[in-house]
Amino acid sequence: MNSDKKLCHGLYPGSFDPITYGHIDIVRRFAPFFNKLTVLTASSIHKTYWFSLEERTQMAREVLKDFSNVTVDSHTGLTVDYARQKGIVAIIRGLRSTSDFPYERDIAINNKKMYPALETFLVFSETGQEVISAKLIKEIATHGGNLADLVPAQVQQKIEDKLKNM
């Protein structure tokens, strides 16, 4: 991609509990469109997490360290507030299936109301990645299943360590 056609700074938020090959694939595919892409580990009051915000952020940093224009940060408030504070005007949100669309559309509309400069790019998962979810990973891990095709080895190790301490 021609560097003069890149967007300045993008944001890819998520809970990343844990970060998966599906998340990494979105970073791989879309980081080249930005001069800088921040992967934002966030928390939602509607979710229960296996890993703390700090653990999730550290895992993301570890598996994304080879992307030269990608940084990882964390935030506990509204993602739109983080974007505004950092002057970020582009958010990437991944869609595993069409059932994700209404939820993501509603977030995008409300974010736009709160921060009119913000644009949301909804992107579809690559074929094969759309079946990866944190819920599925946790279910497989709890029953001793193989996670090799779902998460990087260092994430799988963190999951196994977490299960030993639960």
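Structure: see above.
Residues numbered from 1 in each chain as written. Predicted model: local features only at pLDDT ≥ 70, side-chain atom pairs only at ≥ 80, totals over all residues. Heavy atoms only, no water.

Draft legend 1. Molecular detail of the sheet that holds strand β4 (residues 90–95). Read across the open sheet, the five strands follow the order β3-β2-β1-β4-β5; overall the sheet is parallel. Strands at the two margins of the open sheet, each flanked by one partner only, are β3 (70–75) and β5 (119–124). Taking the axes of each pair of neighbouring strands and ignoring which way they run, one obtains an average angle of 30° across the sheet. Direction of pairing for strand β1 (residues 7–14) relative to strand β2 (residues 34–42): parallel, over a ladder of seven bridges. Looking at β2, one finds that Y12 is bridged to V39. Helix-sheet contacts for helix α3 (residues 79–86) involve β1, β2, β3 and β4, and the interaxial angle to β3 is about 125°. Running over the sheet, helix α4 (residues 101–114) touches β4 and β5 and is turned about 170° from β4. (Pairing = 2+ DSSP bridges. Helix = DSSP H or I, 4+ residues; strand = E, 2+ residues; numbered from the N terminus. Axes fitted to C-alpha atoms, helices over the stretch in contact; angles between N-to-C directions. Contact = heavy atoms within 4.5 Å.)

Draft legend 2. Spotlight on unusual backbone geometry. The amide bond that connects D17 to the next residue, P18, takes the cis arrangement and shows omega of 5°. On the secondary structure map, P18 appears in the loop between β1 and α1 (21–30). Even without being glycine, F16 reaches a positive phi, approximately 50°. Relative to the elements of secondary structure, F16 occurs in the loop between β1 and α1. Since its relative accessible area comes to 1%, F16 is described here as buried. (Buried < 20%, exposed > 50% of the residue type's maximum accessible area, 1.4 Å probe, protein only.)

Draft legend 3. The nonpolar core, seen in detail. If you look at the biggest cluster of nonpolar residues, it comprises 30 residues, and the most contacted ones within it are I19, L64 and I159. For this core, the secondary structure elements donating two or more residues are α1, β2, α2 (53–64), β3, β4, α5 (134–142) and α6 (153–164). In terms of nonpolar packing, the next biggest core, distinct from the first, is built from nine residues, L11, L40, Y115 and L118 among them. (Core = buried A, V, L, I, M, F, W, Y, C linked by side-chain atoms within 4.5 Å.)

Draft legend 4. Summary view of the pairing of β4. Of all the six residues making up β4, five are buried; the element is thus mostly covered by neighbouring parts of the structure. Sheet topology note: the β1/β4 ladder contains two bridges and is parallel. Within β4, the position partnered with L11 by the bridge is I91. Two elements, β4 and β5, share six bridges in a ladder whose sense is parallel.

Draft legend 5. Up close: the pairing of β1. Where burial is concerned, most of β1 is hidden: six out of the eight residues are buried. Handedness of the crossover is the feature at issue here: the chain leaves β1, passes through α1, returns alongside β2, and the resulting connection is right-handed. (Right-handed = clockwise from strand over helix to strand, strands pointing away.)

Draft legend 6. Up close: the pattern of salt bridges. Scanning all chains against the criterion turns up eight salt bridges. As a salt-bridge pair, D81 and R84 come within 3.0 Å of each other at their nearest N and O atoms. One end of the pair, D81, and the other, R84, are both in helix α3, three residues apart, so they sit about a helical turn from each other. On the basis of relative accessible area, D81 is assigned to the partly exposed category, the value being 25%. (Salt bridge = Lys/Arg side-chain N within 4 Å of Asp/Glu carboxyl O.)

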